[in-house]
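Breakdown of the fold
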Amino acid sequence: MTFSPELEARFADLLTHYPPGRQRGALIPMLMYAQDEVGAVTPDLMEELAKRLGISVLQVDEVVGYYSMLHKKPQGKYHIQICTNVACMLRGGAELYEHACKKLGVGHKQTQASGKFSLEEVECIGACSWAPAIQVNYDFHHEVTVSQLDQVLEGLQ
Amino acid sequence: MKLYNPPSPLETKVISKRFGVENSWRLDTYLATGGFEAFKKVMEWTPDQIIDEVKASSLRGRGGAGFPTGLKWSFVPKNVEGPKYIVVNADESEPGTCKDRLLIEHDPYQMIEGILIAAKAVGATKGWVYIRGEYRYLIDHFDSVLKEAYQRGYLGKNIAGTGFDFDLYSQTGAGAYECGEESALLESLEGKRGVPRIRPPFPAVSGAFQAPTVLNNVETFSTVPEIIRGGGKWYADLGTPKNGGTRMVCLAGHVNKPGVYEVPLGMNMMYFINEIGGGMWKGKKMKATIPGGSSCPILRADECDIPMDYDSMAKAGTMLGSGGMMVMDEDTDMVKIALRIMRFYKHESCGWCIPCREGTTWLQKMLARIVDGNGAMRDVDMVGELAKSMLGRTFCPLGDAAAMPTISIVEKFRPEFEAYVARNPFASSELVQVG
Ligand SMILES: Cc1cc2nc3c(=O)[nH]c(=O)nc-3n(C[C@H](O)[C@H](O)[C@H](O)COP(=O)(O)O)c2cc1C
Ligand code: SF4
Ligand code: FES
């Protein structure tokens, strides 16, 4: 499997961060950064990282299964994450989520057939004092109203 | 870096004083405002002197458990062969908490200096800042800060010409609340599932890669430079006895001015909510407040007139936890709050031990049954009892974290649960007896 030169450079740097013989420490960062480039944690990717770190594919797989941000299927071009945990719930997070479901025509962890939007109801994303909060891919939006959510969604091409 | 909420004139800004200053996150800004003075000072000190100063400050961990920081550092064995490490907990996933990201965003060098001082105190040579994966923007920001720090000689070999060496890296998480628990975090750092370790040994003896490790929260490390600069006693005197200094409190929920504010420990909670937080929104009355993140037992409004410090909170049966304060007005449905909290813990339980994995699953089912209008009185009792039976019987504190708020909400707001049950036509007492 081949990666971009930037990602290869990142991998090479990552592998220097750990004590000798403990390069497995790089597994989760490698999965996260590679997933961004590849679009998902594919069987090929798992095999490649297992090979590079000298561990079994099963060991990679059990890690992938544990972490909520690692996904084996591609998400939409824009992954809309809406927090409904307590602080957001108190300020309208659940209503935002319901609105997004209707507007996008998909539910929790579903992707539109066009591949443009996917939706996820997420747990606290660390923006509680500026609730309700959402993330579009890695970008935060704070104090989001229903009409602002519409604007954000409509602004994405 | 822009501020997400305006500061309040009533704050005591010790570790947030650079927030909002132009280029506050650049090395030159830091150096121009006293940065690395503390680091240079401790280079002349013995490790014990540093630890004693931190002890004198009565600094207690800001990540949740509130363990005395100086004492924790003193547990790292001296005179042992092999490397020692520093790990910074920037997982920040406790619902209600959003302060660590600000400290890294606005004043990353303050945290780095704190890490270096800790490294000098215990003899560590390498460290990782474990940042939750959702904060990718912050990881990128921090990586650029690390690059600048290395280029300018404030990390790596011979730091600032002192002869002291230290390497620091960022490490991304990948979405798991449990990885904020210290031993699960250490597993994750090793490239594994975030399943906690049995303790003892504690991280001070066997932590990252089985080496002695100091693991603290972002805010804890960020506080250390000011303690060294001003002296432990000065810092302690900002707070109340045994509860030294200031804390970042993340105010959220039904208040007029939610935001993250730095206040001295021991400030009255109602004063904080009314004067700094602008009081209740829409002229409503307060019903309840969760004082320190969703793992903390809830306080009724009439219980909130207390000082915000570790000991007063403990006396009131709750905790300051991670500083995530969530205020709820009179219209809040406490049954739905209990269910939402349990959904979170059920989702985040790592599944390793049965009382937590099964307990959170069943508690969520029972609470959902009540909310859906299918509950019986027996369910209300069972929720309380099952939660109590989890306490102290789980492998890591997540089980307690799920049980404690639940027990308190059922106890303090039982009539709301009963009102849900009363609306269920099938929940007659006879049926309950038969079932
Ligand atoms: C389930 C669970 C989640 C936790 N999450 C965090 C977290 O996100 N950040 C944090 O600093 N501490 C968290 N903690 C507390 C850590 O285990 C640890 O006590 C803390 O990081 C130690 O640092 P301190 O002494 O500076 O507070 C969590 C604990 C548990 C049980
Ligand atoms: S208490 Fe929960 S999170 Fe902790 S080890 Fe047990 S199952 Fe895992
Ligand atoms: S509860 Fe939504 S960001 Fe914390």
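Residues numbered from 1 in each chain as written. Chains lettered and ligands numbered in written order. Predicted model: local features only at pLDDT ≥ 70, side-chain atom pairs only at ≥ 80, totals over all residues. Heavy atoms only, no water.

1. Remarks on the sheet that holds strand β4 (residues 134–136) of chain A
All names here are of chain A. As a reminder of what qualifies: In short, DSSP must find at least two bridges between two strands for them to pair. Helix and strand labels come from DSSP, where a helix needs a run of H or I of at least four residues and a strand needs a run of E of at least two; each type is numbered from the N terminus. Contact definition: two residues touch when any of their heavy atoms are within 4.5 Å. Under this scheme, a helix contributes an axis fitted over its contacting stretch, all axes are lines through C-alpha atoms, and angles between N-to-C directions fall in the 0 to 180 degree range.
Read from one edge of the open sheet, five strands run β2-β3-β1-β4-β5, paired in mixed fashion. The two strands at the open ends of the sheet, each matched to only one other strand, are β2 (110–111) and β5 (139–141). The pairing of strand β1 (residues 78–83) with strand β3 (residues 117–122) spans six bridges and is classified as parallel. Bridge pairing links Cys83 to Val122 in β3. Across the face of the sheet, helix α6 (residues 93–104) comes into contact with β1, β3 and β4 while running at roughly 155° to β3.

2. Describing the interface of chain A and chain B
Selection criterion: Accessible area that two parts lose when put together, evaluated with a 1.4 Å probe and summed over both, is termed the buried area. A pairing counts as a salt bridge when a side-chain nitrogen of Lys or Arg comes within 4 Å of a carboxyl oxygen of Asp or Glu. We call two N or O atoms a polar contact when they sit within 3.5 Å, provided that within protein one can donate a hydrogen and the other can accept it, with sequence-adjacent residues counted only if both atoms are side-chain atoms.
Tallying the contact residues gives 43 residues for chain A and 66 residues for chain B. Counting the surface lost from both chain A and chain B, the interface buries some 4400 Å², and carbon and sulfur atoms represent 57% of this. Summed over the three residues of chain A that lose the most area to chain B, namely Tyr66, Leu90 and Trp130 of chain A, the buried surface amounts to 17% of that side. Taken together, the links from chain A to chain B amount to five salt bridges. A salt bridge links Arg340 of chain B to Glu123 of chain A; its shortest N-O distance comes to 3.0 Å. At the junction of chain A and chain B, the tally comes to 29 residue pairs in polar contact (both at pLDDT 80 or more).

3. What about helix α17 (residues 414–422) of chain B?
All names here are of chain B. Short version of the rule: Three labels apply to residues, based on accessible area from a 1.4 Å probe with only protein chains included: buried if under 20% of the type maximum, exposed if over 50%, partly exposed otherwise in between. By definition, the arc is the one covered by directions from the helix axis to the C-beta atoms.
Listed in full, the buried residues belonging to α17 are Glu416, Phe417, Tyr420 and Val421. Along the axis of α17, the buried positions cluster into a sector of 145°, meaning they face one direction only. Residues Pro415 and Ala422 are exposed on α17 and point more than 90 degrees away from its buried face. Where α17 is buried, its residues contact β8 (286–290), α13 (334–348), α14 (354–371), α15 (377–390) and α16 (398–412).

4. What about the pairing of β3 of chain A?
Counting buried residues along β3 of chain A, six of its six residues qualify, which places the element largely inside the surrounding structure. Linking β2 of chain A back to β3 of chain A in an antiparallel pair, the connection comprises five residues, with Gly115 of chain A at a positive phi of about 80°.

5. Some thoughts on unusual backbone geometry
The step from Ala131 of chain A to Pro132 of chain A runs through a cis peptide bond, and the omega angle for that step is -5°. Put simply, Arg199 of chain B and Pro200 of chain B share a cis peptide bond, and its omega is -5°. When you line up the elements, Pro200 of chain B lands in the loop between α8 (182–189) and β4 (213–217). The phi angle at Phe209 of chain B is positive, at roughly 50°, despite the residue not being glycine. Of note, Phe209 of chain B is situated in the loop between α8 and β4.

6. So, the domain arrangement of chain A
Defined as follows: Start and end positions for the domains come from either an automated domain assignment or a database one.
In terms of domain boundaries, chain A breaks down into domain 1 (5–66) and domain 2 (78–154). On a C-alpha basis, the centroid separation for the pair domain 1 of chain A and domain 2 of chain A is 29 Å.

7. So, the pairing of strand β5 (residues 246–253) of chain B
Residues and elements named next belong to chain B. Among the eight residues that make up β5, eight are buried, leaving the element largely enclosed by the rest of the structure. As judged from the six bridges shared by β5 and strand β6 (residues 259–264), these two strands associate in the antiparallel manner. Counted as the bridge partner of Met248 is Glu262 from β6. The antiparallel hairpin formed by β5 and β6 contains five residues in its connecting segment. Bridge analysis of β5 against strand β11 (residues 324–329) gives four bridges, and the strand direction is parallel. Among the inter-strand pairings, Ala252 is bridged to a residue of β11, identified as Met326.

8. Details of the site of ligand 2
What counts here: Whether a residue is near a molecule or strand depends on its heavy atoms: if one lies within 4 Å, it is near. Throughout this entry, Asp, Glu, Lys and Arg are counted as charged residues, while Ala, Val, Leu, Ile, Met, Phe, Trp, Tyr, Cys and Pro are counted as nonpolar. The remaining residues, Gly among them, count as polar.
Around ligand 2, 13 residues are found, and the nearest of them are Cys350, Trp352, Cys353, Cys356 and Cys396 of chain B. Class assignment for the residues of the shell around ligand 2 results in eight nonpolar, four polar and one charged.

9. Overview of the sheet that holds β4 of chain B
Sheet strands pair by backbone hydrogen bonding; their relative direction is either parallel or antiparallel. Residue and element names in this part refer to chain B. Taken in spatial order, the four strands make up an open sheet running β3-β2-β1-β4, and their pairing is parallel. With one partner strand each, in any of the chains shown, β3 (167–172) and β4 form the two edges of the open sheet. Neighbour-to-neighbour, the strand axes of this sheet turn through a mean angle of 20°, independent of strand direction. As judged from the six bridges shared by strand β2 (residues 126–131) and β3, these two strands associate in the parallel manner. Within β3, the position partnered with Ile131 by the bridge is Thr172. Across the sheet, helix α6 (residues 108–122) touches β1 (85–90), β2, β3 and β4, and the angle it forms with β1 is around 145°. Across the sheet, helix α7 (residues 136–151) is in contact with β2 and β3; its angle to β3 comes to roughly 165°.

10. Examining the packing of aromatic side chains
Residues and elements named next belong to chain B. Short version of the rule: Pairs were defined over the aromatic rings of Phe, Tyr and Trp, the Trp ring being its six-membered one, requiring ring centres within 6.5 Å. Orientation was assigned from the angle between planes: stacked under 30 degrees, edge-to-face over 60, tilted for the rest.
Applying the stated criterion to the full structure yields 26 aromatic pairs over all chains. Ring centres 6.0 Å apart and planes at 65° place the aromatic pair Phe39 and Phe164 in the edge-to-face group. One end of the pair, Phe39, is in helix α2 (residues 37–42); the other, Phe164, is in the loop between α7 and β3, and 125 residues separate them in sequence. Assigned by exposure class, Phe39 and Phe164 land together as buried.

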